[in-house]
Amino acid sequence: MDLREHGGVLLVGARIKPRSRPGVSITEQGLVVGVAAAPVQGKANEEARRAVASALGVSPSAVELRTGGRSRSKVFAVTGLDLETARARLRSATAS
């Protein structure tokens with residue numbers, strides 16, 4: 001799982017799967033976020049941002065797409081959350 005802190009902000013790397021069953025999982029590739037939206041006009045990015053926020057237990061406004069706007073591999077910047085708490089929340093959210 002690609003989680004790191006940089007400049008007081010938590011960076012979360014994720015692989016996005018558009019047009020798939022919505023959900024968050026941890027695989028060998030790291031964090032994988034499935035979204036129902038098609039990758040058109042930023043709809044999949046927005047749905048992925050909200051899914052990451054939900055999995056981390058923060059408001060969507062605390063999560064911002066940092067890099068990967070046109071790629072399936074993305075990095076989200078999260079404010080107000082430390083590395084260990086984020087790791088624990090992601091494990092909890094994906095343990096089903």
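From a predicted model like this one, the values you see are computed outputs, not experimental measurements. (Residues numbered from 1 in each chain as written. Predicted model: local features only at pLDDT ≥ 70, side-chain atom pairs only at ≥ 80, totals over all residues. Heavy atoms only, no water.)

Looking at the overall build of the protein chain
1) Next: From N to C terminus, the protein chain includes 2 helices and 6 strands.
2) Next: Ordered by position from the N terminus, the helices and strands of the protein chain form the series β-β-β-β-α-β-β-α.
3) Next: Taking 12 Å as the expected radius of gyration for a compact globule of 96 residues, we find that the protein chain reaches 12 Å, a close match to that expectation.
4) Next: Reported as C-alpha extents along the three principal axes, the dimensions of the protein chain are approximately 30 × 30 × 25 Å.
5) Next: For the protein chain, with 96 residues in total, the buried portion stands at 39%.
6) Next: Put simply, of all contacts in the protein chain between residues at least 6 apart along the chain, 44% involve residues at least 24 apart. (Helix = DSSP H or I, 4+ residues; strand = E, 2+ residues; numbered from the N terminus. Rg over C-alpha atoms; globule rule 2.2 N^0.38 Å. Buried < 20%, exposed > 50% of the residue type's maximum accessible area, 1.4 Å probe, protein only. Contact = heavy atoms within 4.5 Å.)

What to know about the pairing of strand E2 (residues 9-17)
1) Next: With 7 of 9 residues buried, E2 is to be regarded as a mostly interior element.
2) Next: Examined bridge by bridge, strand E1 (residues 3-6) and E2 share 4 bridges and lie antiparallel to one another. Each residue of the ladder has a partner; that of leucine 3, found in E2, is valine 12.
3) Next: With 6 bridges connecting them, E2 and strand E6 (residues 73-78) associate as antiparallel partners. Counterpart to valine 12 in the pairing with E6 is phenylalanine 76.
4) Next: Here 3 bridges tie E2 to strand E4 (residues 30-34), and the two strands are oriented parallel to one another. (Pairing = 2+ DSSP bridges.)

Observations regarding unusual backbone geometry
1) Next: Positive phi, close to 55°, is recorded for arginine 19, a residue that is not glycine.
2) Next: Mapped onto the elements, arginine 19 comes out in the loop between E2 and strand E3 (23-27).
3) Next: In this model, glutamine 41 sits at a positive phi of 55°, which is unusual for a non-glycine residue.

Digging into the pattern of salt bridges
1) Next: Summed over the entire model, instances satisfying the criterion amount to 4 salt bridges.
2) Next: Arginine 49 is the partner of glutamate 46 in a salt bridge, and the nearest nitrogen-oxygen pair spans 2.7 Å. Here arginine 49 and glutamate 46 lie together in helix H1 (residues 43-56), a separation of 3 residues that amounts to about one turn.
3) Next: With a relative accessible area of 30%, glutamate 46 lands in the partly exposed category.
4) Next: Using a relative accessible area of 16% as the deciding quantity, one classes arginine 49 as buried.
5) Next: Through salt bridges with shared partners, a single network forms among Glu46, Arg49 and Arg50. (Salt bridge = Lys/Arg side-chain N within 4 Å of Asp/Glu carboxyl O.)

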